[in-house]
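Commentary on secondary and tertiary structure
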Amino acid sequence: MATSLQAQKDSLLSKLDFSADFRFRVEQDWNSQKSDGTFRNDRSRLRYRARAGATYGDEWYQAGLRIRTGNPRKQQDPQLTLGDNFREFGTLPIALEKAYFQGKWSTFAFWVGKNSFPFAKSNELFWSDNVFPEGVSLGKSFPFPSGVVDILELRGGHFIISTSGKSFDQDAYFQGYQVYASFSEKRVELFPSIYLFKNIPNIPDGGDTFVLDYTILHLGTRVKLLNSPGIAMELDLYQNIQDYDQLDSIPENLKGEKSGLVVGFKYGGLRQRKDWLFKVSYAWLQRYSAVDFLAQNDWARWDYSAFDSPDGRLTNFKGIELVAGRMIQKNLSLTMKYYFVEQLVPLGQAKETGSRIRFDLDVRL
């Protein structure tokens with residue numbers, strides 16, 4: 001009996017996996033002009049993030065949880081700044097980042113709960129890696145054992161941003177639908193998508209004055225230009241086809257600001273010890289080409305703090321990102337990123353600007 005119980009225990013433990021990671025960041029901001037023409041003070045920060053998670057799975061299913069440090073109200077940014085808001089060495093805020101159940105049968109897959117963004121993307125300019133949608137995701141794949149096409153996948157989902165307590169159609173929500181295809185052993189990847197956002201507040205965290213809809217068409221592609229050395233190009237085109245002409249709450253000079261372009265070139269990757277990564281990206285994103293408080297907040301200091309929200313507002317800008325990274329050890333990497341941004345349409349008498357450099361040391365356990 002004891003042997004049988006021990007065997008059951010060992011079997012359960014064999015299905016349980018733990019993971020954790022830690023990041024330490026050094027960051028400097030300068031040349032950050034406000035909309036009134038004055039400048040924000042230059043800012044130096046030391047920051048960190050810790051995450052830990054566990055998954056339990058069997059042949060066809062998996063359940064997972066992950067916690068992180070960070071302000072629970074700030075979904076875009078789990079990093080904490082040393083000495084900021086937790087002075088005298090107080091305790092740290094911790095939030096539940098992921099909680100999901102997922103399964104896969106043959107070519108069908110699904111998940112329910114709170115999990116990673118389920119659609120293919122090359123960067124965080126439309127959707128931040130730190131924002132985990134809550135809802136239902138479904139997928140169906142069509143593999144091609146031989147030929148030019150490697151695989152074709154259909155992906156879809158319904159995700160609730162804020163419940164109304166009424167019928168589902170009155171929630172703030174988004175639905176995504178994507179066709180993903182790869183060709184010639186992933187030499188070329190295409191992922192056209194459509195994202196339907198409904199009843200979205202113009203300002204997050206309760207400061208909104210009206211709600212609006214987005215209907216965003218996305219054409220994304222990745223192309224390997226050279227396999228050795230690894231050189232690749234990434235391209236994303238966004239077009240919001242929602243008509244805002246009759247929406248009086250939006251200023252006239254922003255009603256047509258609905259397009260976006262991101263192009264990047266990458267050399268290498270951080271997979272094995274001593275690997276290098278170099279990347280340059282250019283972004284041009286009009287105001288309504290994405291939902292700004294669900295996209296990244298890395299490129300500049302623009303946020304909704306004037307409306308008592310810590311969330312970023314990173315659309316309506318053009319800018320560049322330069323990246324250099326080195327894999328020091330198998331689970332230890334160092335990455336440098338430089339950003340320069342400028343606003344497209346001023347919200348006041350002057351265009352907002354910003355410059356930033358950061359160094360990230362990442363440890364994966």
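Residues numbered from 1 in each chain as written. Predicted model: local features only at pLDDT ≥ 70, side-chain atom pairs only at ≥ 80, totals over all residues. Heavy atoms only, no water.

**Here's the deal with a nonpolar patch on the surface**
A grouping of Leu-225, Leu-226, Phe-265, Val-280, Tyr-282, Ile-320, Leu-322 and Phe-340 is seen on the molecular surface, where their side chains present a nonpolar patch of about 620 Å² in accessible area. Listed by contribution, the elements that provide at least two residues to the nonpolar patch are β12 (211–226), β15 (276–285) and β16 (317–329). Locating Phe-340 in the fold gives a position in strand β17 (residues 332–343). (Patch = residues over 30% accessible without salt bridge, like charges linked within 9 Å, V, L, I, M, F, W, Y side chains within 5 Å. Areas by Shrake-Rupley, 256 points an atom, 1.4 Å probe, with all protein chains shown as cover. Salt bridge = Lys/Arg side-chain N within 4 Å of Asp/Glu carboxyl O. Helix = DSSP H or I, 4+ residues; strand = E, 2+ residues; numbered from the N terminus.)

**Considerations on the environment of Arg-222**
Relative to the helices and strands, Arg-222 resides in strand β12. Among the residues examined, Arg-222 registers a relative accessible area of 19% and is labelled buried. Considered as a pair, Arg-222 and Asp-205 are 17 residues apart in the sequence and their alpha carbons are 35 Å apart. Ignoring anything within four residues of it in the chain, the contact list for Arg-222 reads Lys-121, Ser-122, Tyr-180, Arg-187, Val-188, Glu-189, Phe-191, Met-233 and Glu-234. A distance of 3.0 Å separates the side chain of Arg-222 from the side chain of Ser-122, its partner in a polar contact. (Buried < 20%, exposed > 50% of the residue type's maximum accessible area, 1.4 Å probe, protein only. Contact = heavy atoms within 4.5 Å. Polar contact = N/O pair within 3.5 Å; in protein donor to acceptor, adjacent residues only side chain to side chain.)

**Things to note about the layout of surface pockets**
To find leftover empty space, a probe the size of one water molecule is rolled over the atoms. The computed volume of the second largest pocket comes to approximately 1,100 Å³. Lining the second largest pocket are 48 residues, with Arg-301, Trp-302, Asp-303, Tyr-304 and Ser-305 positioned closest to its centre. (1 Å grid on protein atoms, 1.4 Å probe; cavity = no way out; pocket = protein on both sides within 12 Å on 5 of 7 lines; lining within 4 Å. Points joined across faces, edges and corners; volume = space filled by probe spheres on them.)

**Digging into empty space enclosed by the protein**
Here the structure, examined in full by the defined rule, presents one cavity of 30 Å³ or more. Estimated volume of the largest cavity: approximately 30 Å³. Residue composition of the lining of the largest cavity, grouped by class: three nonpolar, two polar and two charged. (Nonpolar A, V, L, I, M, F, W, Y, C, P; charged D, E, K, R; others polar.)

**With respect to the pairing of strand β14 (residues 259–268)**
The sheet contact formed by strand β13 (residues 231–240) and β14 spans nine bridges and is antiparallel. What sits directly across from Met-233, in β14, is Phe-265. Note that β14 and β15 share nine bridges and pair antiparallel. By the bridge assignment, Tyr-267 is partnered in β15 with Phe-278. (Pairing = 2+ DSSP bridges.)

**Quick look at the packing of aromatic side chains**
On inspection of all chains with the given rule, the structure shows 29 aromatic pairs. If you follow Arg-155 out to its NZ or CZ, it ends over the ring of Tyr-180, 4.9 Å from the centre. Directly above the ring of Tyr-244 sits Lys-258, whose terminal nitrogen or CZ lies 5.8 Å from the centroid. (Phe/Tyr/Trp six-rings, centres within 6.5 Å; stacked < 30°, edge-to-face > 60°. Lys NZ or Arg CZ within 6 Å of the ring centre and 35° of its normal.)

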